[in-house]
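Coordinates in review
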Amino acid sequence: MLTIGPYRFQSRLFLGTGKYPSLDVQYRAVQESGTEVLTFALQRLELDRPTEESFLDKLDLKRYRLLPNTAGARSAEEAVRLARLARGSGLCDMVKVEVIGDEERLLPDPMATLEATRRLVEEDFIVLPYTGDDPVLARRLQEVGAHAIMPGASPIGSGQGLINPLYLSFIIQDASVPVIIDAGIGAPSDATLAMEMGADGVLLNSAVAHAGDPVAMARGMRLAVEAGRLAHLAGRIPKKETAMASSPTEGLTIN
């Protein structure tokens, strides 16, 4: 099972809840994905108006662990404020820290992410920072107490898949906490590759929500994550430059 802080999960697919064509499609995609963790932007909720209907009202929240994120924050202070607001509203003590430093490319601000992570860990949050594919920053985030690292595979919503698998592999190899590949996943093959590399999980949203059939894609992603995890545990055969017979030749009589 996947363990993050005090929480344990069987599913290694984390699913976002935004951008779906309808709440009904969102609901069916969530069910088909088998996810146990739902992520959403805190700024999408009317936290100061708890009686207002939200997209979460359509889901049986007893079945899921909520992972609110601080998307939209432009500073460590703003990310911390959003996290405090979420906990004060009774949503969850687990939070995905997301501080954007590049508006055009939606790239995370490394220094603000590190500072927000440090402060929220000190306030006893379960902190999962979204970061770039920087192994050094990933190490620093662990040193200040991050409970998991969430490096992006490629820019948010781009669907480009794993554009820098080497650096992602460095992060995975060096990590002492779970590594969840986040952002840029476009197809089930991307999710499988991430899991085969040894990632502990995958978080995605656009790849399902913007698919031609989000419900079918959600199932595909679930199966891809499971297949990649099994492949990692089983261990793939080494690549060779020459062919090797798949049937034994010892003891055969050749006429």
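Residues numbered from 1 in each chain as written. Predicted model: local features only at pLDDT ≥ 70, side-chain atom pairs only at ≥ 80, totals over all residues. Heavy atoms only, no water.

Things to note about the nonpolar core
What tends to happen in soluble globular proteins is that the nonpolar side chains get buried as a cluster. For clarity, the cut-off: Residues grouped as a nonpolar core are buried Ala, Val, Leu, Ile, Met, Phe, Trp, Tyr and Cys residues, joined through side-chain atoms within 4.5 Å. Three exposure classes are used, based on accessible area relative to the maximum for each residue type with a 1.4 Å probe and protein chains only: buried under 20%, partly exposed in between, and exposed over 50%. Contacts are assigned to residue pairs that have any heavy atoms within 4.5 Å of one another.
By size, the foremost hydrophobic cluster in this structure holds 72 residues, and its most contacted members are I4, F14, M94 and L128. Not counting the four nearest positions on each side in its chain, M94 is found in contact with I4, Y7, F9, R65, L66, L67, P68, I126 and L128.

Some words on the UniProt feature "active site" (unreviewed entry) in the chain
To keep it simple, the criterion reads: UniProt positions are given in the numbering used here, feature names are shortened, and annotations may be inferred rather than shown by experiment. Put simply, DSSP marks the helices as runs of H or I at least four residues long and the strands as runs of E at least two long, and each gets a number from the N terminus on.
Per the UniProt entry, the sites bearing "active site" (unreviewed entry) are K96 in this numbering. Locating K96 in the fold gives a position in strand β6 (residues 94-97). Once you skip the residues sitting within four places of it in the chain, K96 turns out to touch T39, L67, P68, N69, T70, L128, Y130, M150, D182 and L203.

Considering a nonpolar patch on the surface
Put simply, the test is: Patch criteria: residues need more than 30% relative accessible area and no salt bridge. Like-charged residues are merged within 9 Å; nonpolar side chains of Val, Leu, Ile, Met, Phe, Trp and Tyr are merged within 5 Å. All accessible-area figures derive from a Shrake-Rupley calculation using a 1.4 Å probe, and residue coverage is judged against the displayed protein chains alone. Within this document, salt bridges are pairs made up of a side-chain nitrogen of Lys or Arg and a carboxyl oxygen of Asp or Glu, the two lying within 4 Å of each other.
Judged by side-chain polarity, L166, Y167 and F170 come together as a nonpolar surface patch covering roughly 270 Å² of accessible area. Following the sequence through the fold, F170 ends up in helix α5 (residues 165-174). Residue classification places F170 among the partly exposed positions, given a relative accessible area of 31%.

Quick notes on the pattern of salt bridges
Summed over all chains, the structure comprises 12 salt bridges. In this structure, R28 engages D24 in a salt bridge whose closest nitrogen and oxygen atoms are separated by 3.2 Å. Here D24 and R28 lie together in helix α1 (residues 23-33), a separation of 4 residues that amounts to about one turn. Among the charged side chains, a salt-bridge network with shared partners connects E32, R219, R222 and E226.

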